[in-house]
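Spelled out, the chains give:
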Amino acid sequence: QVQLVQSGGGLVQAGGSLRLSCAASGRTFSTYGMGWFRQALGKEREFVAGISWSGGRMEYVDSVKGRFTISRDNGKITTYLQMNSLKPEDTAVYYCAARRTGNIYGVYVNAVEYDYWGQGTQVTVSS
(Lines give C-alpha, C1' and ligand atoms only; values in the text may rest on other atoms or scores of the structure.)
Protein backbone atom coordinates (compact mmCIF):
# COMPACT_ATOMS: atom_id res chain seq x y z
CA GLN A 1 0.00 0.00 0.00
CA VAL A 2 1.18 3.50 -0.84
CA GLN A 3 -0.01 6.73 0.72
CA LEU A 4 0.26 10.01 -1.17
CA VAL A 5 0.19 13.25 0.81
CA GLN A 6 -0.18 16.50 -1.08
CA SER A 7 0.87 19.98 -0.07
CA GLY A 8 0.87 23.37 -1.71
CA GLY A 9 -1.96 25.02 -3.56
CA GLY A 10 -4.07 27.95 -2.43
CA LEU A 11 -5.24 31.25 -3.87
CA VAL A 12 -3.20 33.22 -6.40
CA GLN A 13 -3.84 36.01 -8.87
CA ALA A 14 -3.79 35.37 -12.58
CA GLY A 15 -0.23 35.31 -13.86
CA GLY A 16 1.10 34.04 -10.56
CA SER A 17 2.79 30.77 -9.65
CA LEU A 18 2.24 27.88 -7.28
CA ARG A 19 4.02 24.62 -6.62
CA LEU A 20 2.28 21.43 -5.60
CA SER A 21 4.10 18.59 -3.88
CA CYS A 22 3.13 14.95 -3.48
CA ALA A 23 5.08 12.80 -1.01
CA ALA A 24 4.78 9.04 -1.09
CA SER A 25 5.13 6.67 1.84
CA GLY A 26 4.51 2.98 2.45
CA ARG A 27 5.49 0.33 -0.10
CA THR A 28 7.62 2.69 -2.16
CA PHE A 29 10.36 0.28 -3.18
CA SER A 30 8.54 -0.51 -6.41
CA THR A 31 8.76 1.67 -9.48
CA TYR A 32 5.90 4.10 -9.98
CA GLY A 33 4.78 6.35 -12.78
CA MET A 34 3.34 9.56 -11.34
CA GLY A 35 0.72 11.95 -12.57
CA TRP A 36 -1.27 15.04 -11.74
CA PHE A 37 -4.94 15.42 -12.49
CA ARG A 38 -7.45 18.17 -11.78
CA GLN A 39 -11.17 18.47 -11.42
CA ALA A 40 -12.98 21.75 -11.78
CA LEU A 41 -16.43 22.26 -10.28
CA GLY A 42 -19.02 20.48 -12.38
CA LYS A 43 -16.44 18.94 -14.69
CA GLU A 44 -14.79 15.57 -15.07
CA ARG A 45 -11.33 14.86 -13.74
CA GLU A 46 -8.72 15.56 -16.40
CA PHE A 47 -5.10 14.64 -16.90
CA VAL A 48 -2.66 17.51 -16.39
CA ALA A 49 0.84 16.01 -16.42
CA GLY A 50 2.63 12.70 -16.04
CA ILE A 51 6.21 11.61 -15.49
CA SER A 52 7.97 8.28 -15.78
CA TRP A 53 9.84 6.60 -12.93
CA SER A 54 13.08 7.41 -14.72
CA GLY A 55 12.09 11.07 -14.82
CA GLY A 56 13.13 11.23 -18.45
CA ARG A 57 9.69 11.23 -20.02
CA MET A 58 6.89 13.71 -19.35
CA GLU A 59 3.50 14.35 -20.89
CA TYR A 60 1.26 17.39 -20.54
CA VAL A 61 -2.26 18.32 -21.53
CA ASP A 62 -2.08 20.97 -24.26
CA SER A 63 -3.63 23.68 -22.11
CA VAL A 64 -0.70 23.70 -19.65
CA LYS A 65 2.24 23.13 -21.99
CA GLY A 66 4.88 25.79 -21.52
CA ARG A 67 3.38 26.86 -18.18
CA PHE A 68 3.46 23.77 -15.95
CA THR A 69 6.42 21.53 -15.18
CA ILE A 70 6.24 18.12 -13.56
CA SER A 71 9.31 16.72 -11.82
CA ARG A 72 10.21 14.10 -9.28
CA ASP A 73 12.83 13.37 -6.66
CA ASN A 74 13.07 9.63 -6.25
CA GLY A 75 15.38 10.02 -3.26
CA LYS A 76 12.61 11.84 -1.40
CA ILE A 77 9.90 9.88 -3.20
CA THR A 78 8.21 13.18 -4.02
CA THR A 79 6.63 14.54 -7.16
CA TYR A 80 6.17 18.23 -7.90
CA LEU A 81 3.99 20.31 -10.18
CA GLN A 82 5.35 23.80 -10.78
CA MET A 83 2.57 25.99 -12.16
CA ASN A 84 3.48 29.34 -13.72
CA SER A 85 1.43 31.94 -15.59
CA LEU A 86 -1.69 30.66 -13.91
CA LYS A 87 -5.06 31.43 -15.45
CA PRO A 88 -8.55 31.48 -13.92
CA GLU A 89 -9.37 28.37 -15.95
CA ASP A 90 -6.69 26.48 -13.99
CA THR A 91 -8.91 26.72 -10.92
CA ALA A 92 -9.65 23.18 -9.74
CA VAL A 93 -8.90 20.56 -7.14
CA TYR A 94 -5.59 18.98 -8.08
CA TYR A 95 -4.78 15.33 -7.36
CA CYS A 96 -1.53 13.44 -7.60
CA ALA A 97 -1.57 9.78 -8.51
CA ALA A 98 0.82 6.83 -8.64
CA ARG A 99 0.82 3.75 -10.82
CA ARG A 100 2.90 0.73 -9.92
CA THR A 101 4.74 -0.40 -13.05
CA GLY A 102 7.69 -2.40 -14.25
CA ASN A 103 8.25 0.10 -17.08
CA ILE A 104 10.57 2.82 -15.82
CA TYR A 105 9.86 4.87 -18.96
CA GLY A 106 6.08 4.61 -18.85
CA VAL A 107 3.87 7.73 -18.66
CA TYR A 108 0.16 7.27 -18.02
CA VAL A 109 -2.53 9.74 -19.02
CA ASN A 110 -5.74 7.96 -18.02
CA ALA A 111 -7.05 8.11 -14.47
CA VAL A 112 -8.08 4.45 -14.54
CA GLU A 113 -4.44 3.46 -15.04
CA TYR A 114 -3.45 4.74 -11.58
CA ASP A 115 -3.45 2.71 -8.39
CA TYR A 116 -3.11 5.35 -5.66
CA TRP A 117 -4.36 8.91 -5.21
CA GLY A 118 -3.55 11.88 -3.04
CA GLN A 119 -6.17 13.68 -0.99
CA GLY A 120 -6.53 16.60 -3.41
CA THR A 121 -5.66 20.25 -2.95
CA GLN A 122 -7.56 23.33 -4.06
CA VAL A 123 -5.97 25.76 -6.50
CA THR A 124 -7.90 28.98 -7.08
CA VAL A 125 -6.76 31.58 -9.60
CA SER A 126 -8.45 34.94 -9.40
CA SER A 127 -8.76 37.25 -12.38
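Presented here is a report on the structure given in the accompanying data block.

Reading the values: rules and limits
Residues numbered from 1 in each chain as written. Predicted model: local features only at pLDDT ≥ 70, side-chain atom pairs only at ≥ 80, totals over all residues. Heavy atoms only, no water. Pairing = 2+ DSSP bridges. Helix = DSSP H or I, 4+ residues; strand = E, 2+ residues; numbered from the N terminus. Axes fitted to C-alpha atoms, helices over the stretch in contact; angles between N-to-C directions. Buried < 20%, exposed > 50% of the residue type's maximum accessible area, 1.4 Å probe, protein only. Polar contact = N/O pair within 3.5 Å; in protein donor to acceptor, adjacent residues only side chain to side chain. Contact = heavy atoms within 4.5 Å. Salt bridge = Lys/Arg side-chain N within 4 Å of Asp/Glu carboxyl O.

## What to know about the sheet that holds strand S1 (residues 2-7)
Spatial ordering of the open sheet is given by S1-S3-S8-S7, a layout of four strands whose pairing is antiparallel. Every other strand in the sheet has two partners, leaving S1 and strand S7 (68-73) as the edge strands with one partner each. Ignoring strand direction, the axes of neighbouring strands in this sheet form an average angle of 15 degrees. In this sheet, strand S8 (residues 78-83) lies alongside strand S3 (residues 18-26) in antiparallel orientation, the contact comprising six bridges. Bridge pairing in S8 links Ser21 to Tyr80.

## Focus on the side chain of Asp90
Tracing the sequence through the fold places Asp90 in the loop between S8 and strand S9 (92-100). Its relative accessible area of 1% is what places Asp90 among the buried residues. At 2.7 Å, the side chain of Asp90 and the side chain of Arg67 are in polar contact.

## So, the side chain of Thr121
Within the element layout of this structure, Thr121 appears in strand S11 (residues 121-126). In this structure the side chain of Thr121 is engaged in a polar contact, spanning 3.0 Å, whose partner is the backbone oxygen of Gly8. Among residues more than four places away in sequence, those in contact with Thr121 are Gln6, Gly8, Gly9, Leu20, Ala92, Val93 and Tyr94.

## With respect to the pattern of salt bridges
Going through the model one piece at a time under the given rule, you end up with five salt bridges. Lys65 is paired through a salt bridge with Asp62; the nearest N and O atoms lie 3.0 Å apart. A salt bridge links Arg67 to Asp90; its shortest N-O distance comes to 2.7 Å. Pair noted here: Arg67 is in the loop between strand S6 (58-60) and S7 and Asp90 is in the loop between S8 and S9, with a separation of 23 residues, a long-range link. Like Asp90, Arg67 is buried. When salt bridges with common partners are traced through the structure, they connect Arg38, Glu46, Arg67 and Asp90 into a single cluster.

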